[in-house]
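One-letter residues, chain by chain:
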Amino acid sequence: RSDIIARSVTILRENDFGGYTIPAKGLYPYQWNWDSALVAMGWAMFDEARAWEELETLFSAQWADGMVPHIVFHRPCSTYFPGPDTWQAGSSTHSSTGITQPPVAAISVRKIVEGSGNREAALRRAAALFPKLMRWHRWFVTARDPEGRGLVATLHPWESGMDNSPMWDEALAAVPVDPIPPYVRKDLGHVDSAMRPKQAEYDRYLTLLYRFRAVGYDPAQLYHMSPFRVSDVCTNSVLYRANRDLRWLALQLNETEAVFEIDSWLERARAGFETLWDGSAGIYRSQNQLTGTLIPAATSGGFLPLFAGVPSTDRASVLADTISRWADSVRYSVPSFDPADVRFEPLRYWRGPVWAIVNWMITDGLRSYGHHKLAERVIRDTRTLTSSSGMYEYFNPIDGAGAGGNNFSWTAAMCLMWLD
Ligand code: DGY
């Protein structure tokens with residue numbers, strides 16, 4: 001145990017580039033949005049001031065319209081593609097990508113405040129972030145749900161954080177590949193190609209990027225012109241949970257008007273989630289907004305409404321049964337994709353491997369619904385993986401091998417989170 005703590009702390013310190021933590025050396029050399037917010041919770045376990053700094057640095061790159069970008073390019077670096085020269089985006093002070101990521105930050109703020117030894121001082125730091133969090137969440141509602149579906153749209157697989165999930169296969173295949181400038185992938189210089197997205201996917205990731213760049217990343221245009229537009233069950237679950245935590249913060253800060261505004265977002269979203277439930281499969285799904293179809297892929301993102309606190313207790317039990325079934329058919333839980341599906345690939349990124357951050361969200365949700373035994377099983381599995389294979393980005397659920405980047409910040413952060 002003390003070994004894991006020391007190892008995790010060392011990884012965060014080594015990946016600390018001064019106010020922000022990179023996810024992993026070489027592969028991901030900048031500040032990633034949801035990585036940072038999750039990593040801040042890890043920092044808070046041993047250095048609260050540094051945890052606040054992580055979030056403050058992230059929000060220093062917030063766009064004028066409220067969006068917080070998915071990557072902030074704080075410094076030049078030649079080991080990553082597509083970098084700032086390709087994106088050509090940012091605020092007046094920071095160069096960044098032109099898309100966002102699941103909004104974990106408010107969840108992180110609440111966790112840090114609750115764990116703080118000096119609540120008054122922590123609330124002062126949180127109060128400074130509060131209006132920025134409100135602006136980001138409001139941006140989600142206005143820019144990404146202009147038609148009032150109750151579910152926000154994700155316009156790029158990179159925005160989901162689960163880039164090559166089978167969830168996106170069909171919707172992404174429908175994106176035409178434009179005659180884009182030739183490019184060289186740098187991820188394959190760091191990680192075996194069997195663990196990464198395929199070329200056909202990258203061509204479409206880049207096509208979307210160039211189309212978005214051509215309209216200056218104007219949110220009003222993007223929503224209508226993007227050939228990829230989905231209701232991602234993970235992003236919507238994270239946003240719902242983040243709104244509940246932001247509401248909690250608003251109450252601490254006596255921000256009554258904000259409480260009413262957040263309540264209206266939560267109410268709208270509850271109706272939206274109803275449309276994603278697949279009772280016969282015992283899981284929530286994502287939806288392709290452009291075709292209206294519920295996407296035929298059961299992924300670990302489909303368990304995250306538990307983390308949001310959306311399902312009834314009956315439905316939560318159904319989800320717990322599905323998780324148990326998946327766990328029983330592999331050695332280490334929770335695989336990111338249904339192991340019984342022919343498209344399951346235990347080593348390829350989001351098409352099967354276990355991810356510590358998803359396990360953290362799932363176990364937080366399971367515990368809140370009283371499924372403690374199953375939560376303990378998932379935590380035990382993750383601990384075994386990290387202590388025997390190392391602090392990898394993800395793990396093969398069948399033989400436990402570590403995959404992707406090593407000395408990975410959010411994996412280390414989750415190990416610290418599980419100490420309480
Ligand atoms: C990558 O480059 O693989 C990232 O997932 C993009 O966010």
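Residues numbered from 1 in each chain as written. Predicted model: local features only at pLDDT ≥ 70, side-chain atom pairs only at ≥ 80, totals over all residues.

In this section: the overall build of the protein chain. The helix and strand tally for the protein chain stands at 17 helices and ten strands. Relative to its length of 420 residues, the protein chain is compact, with a C-alpha radius of gyration of 20 Å against a globular reference of 22 Å. Across its three principal axes, the protein chain shows a C-alpha extent of roughly 50 × 50 × 45 Å. Split into buried and exposed, the 420 residues of the protein chain put 54% on the buried side. Intrachain contacts of the protein chain at a sequence separation of at least 6 include 70% that bridge at least 24 residues. (Helix = DSSP H or I, 4+ residues; strand = E, 2+ residues; numbered from the N terminus. Rg over C-alpha atoms; globule rule 2.2 N^0.38 Å. Buried ≥ 20, exposed ≤ 12 C-beta atoms within 10 Å, placed from the backbone. Contact = placed C-beta atoms within 7 Å.)

The topology assignment puts Glu159 in helix H7 (residues 157-160). Given 23 C-beta atoms within a 10 Å radius, Glu159 is considered buried. Sequence spacing of Glu159 and Leu294 is 135 residues, and the spatial spacing of their C-alpha atoms is 19 Å. Not counting residues up to four positions away in its chain, the partners in contact with Glu159 are His70, Ile99, Thr100, Gln101 and Thr154.

Here we take up the site of the ligand. All residues adjacent to the ligand are His70, Trp158, Asp163 and Asp187. Looking at the shell around the ligand, its residues break down into one nonpolar, one polar and two charged. (Near = placed C-beta within 6 Å. Nonpolar A, V, L, I, M, F, W, Y, C, P; charged D, E, K, R; others polar.)

Our next topic: helix H14 (residues 313-328). A rise of 1.5 Å per residue sets the reference length of H14, with its 16 residues, at 22 Å; its end C-alpha atoms lie 22 Å apart and thus fit the reference within 8%. Those residues of H14 lying buried are Ala316, Leu319, Ala320, Ile323 and Trp326. The arc that holds the buried residues of H14, viewed along the axis, is 120°, so those residues lie on one side. Turned more than 90 degrees off the buried face of H14, the exposed positions are Asp314 and Asp328. The secondary structure elements touched by the buried residues of H14 are strand E7 (283-284), helix H13 (305-308), helix H15 (356-368) and helix H16 (372-389). (Expected span 1.5 Å × (residues − 1). Arc of directions from axis to C-beta.)

Further remarks concern unusual backbone geometry. Cis geometry is found at the peptide bond from Phe81 to Pro82, where omega equals 0°. Locating Pro82 in the fold gives a position in the loop between strand E2 (71-73) and helix H4 (84-87). A positive phi angle, close to 55°, is found at Asn254, a residue other than glycine. Take Asn254: it is sitting in the loop between helix H11 (233-252) and helix H12 (256-274). Given 8 C-beta atoms within a 10 Å radius, Asn254 is considered exposed.

Quick look at the nonpolar core now. Residues Val109, Ile362 and Ala413 are the most contacted members of the largest nonpolar core, which totals 131 residues. At eleven residues, helix H6 (residues 119-144) tops the list of elements feeding residues into this core. Discounting chain neighbours no more than four positions away, the residues touching Val109 are Leu55, Ala126, Leu129, Leu133 and Leu249. (Core = buried A, V, L, I, M, F, W, Y, C linked by C-beta atoms within 7 Å.)

Moving on: the packing of H15 against H16. Between H15 and H16, the least distance of the axes is 8 Å, while the angle of their chain directions is 160°. As summarised for this structure, H15 and H16 are arranged roughly antiparallel, according to the angle between their axes. For H15 against H16, the interelement crossing comes out left-handed. In contact with Ala356, Asn359, Ile362, Thr363, Leu366 and Arg367 of H15, H16 contributes His372, Leu374, Ala375, Val378, Ile379, Thr382 and Thr386. Here the contact of H15 with H16 is built from residues that sort into seven nonpolar, five polar and one charged. (Axes fitted to C-alpha atoms, helices over the stretch in contact; angles between N-to-C directions. Parallel < 35°, antiparallel > 145°, perpendicular 65-115°, else oblique. Left-handed = near helix turned anticlockwise from the far one by under 90°.)

Between H11 and H12, the shortest axis-to-axis distance is 10 Å and the interhelical angle comes to 155°. It follows from the interaxial angle that H11 and H12 lie roughly antiparallel. You can see that H11 and H12 cross each other, and the crossing is left-handed. In this structure, H11 uses Asn236, Tyr240, Asn243, Arg244, Leu246, Arg247, Ala250 and Leu251 to contact H12, whose residues at the interface are Ala258, Val259, Ile262, Trp265, Leu266, Ala269 and Gly272. Broken down by class, the residue content of the contact of H11 with H12 amounts to ten nonpolar, three polar and two charged.

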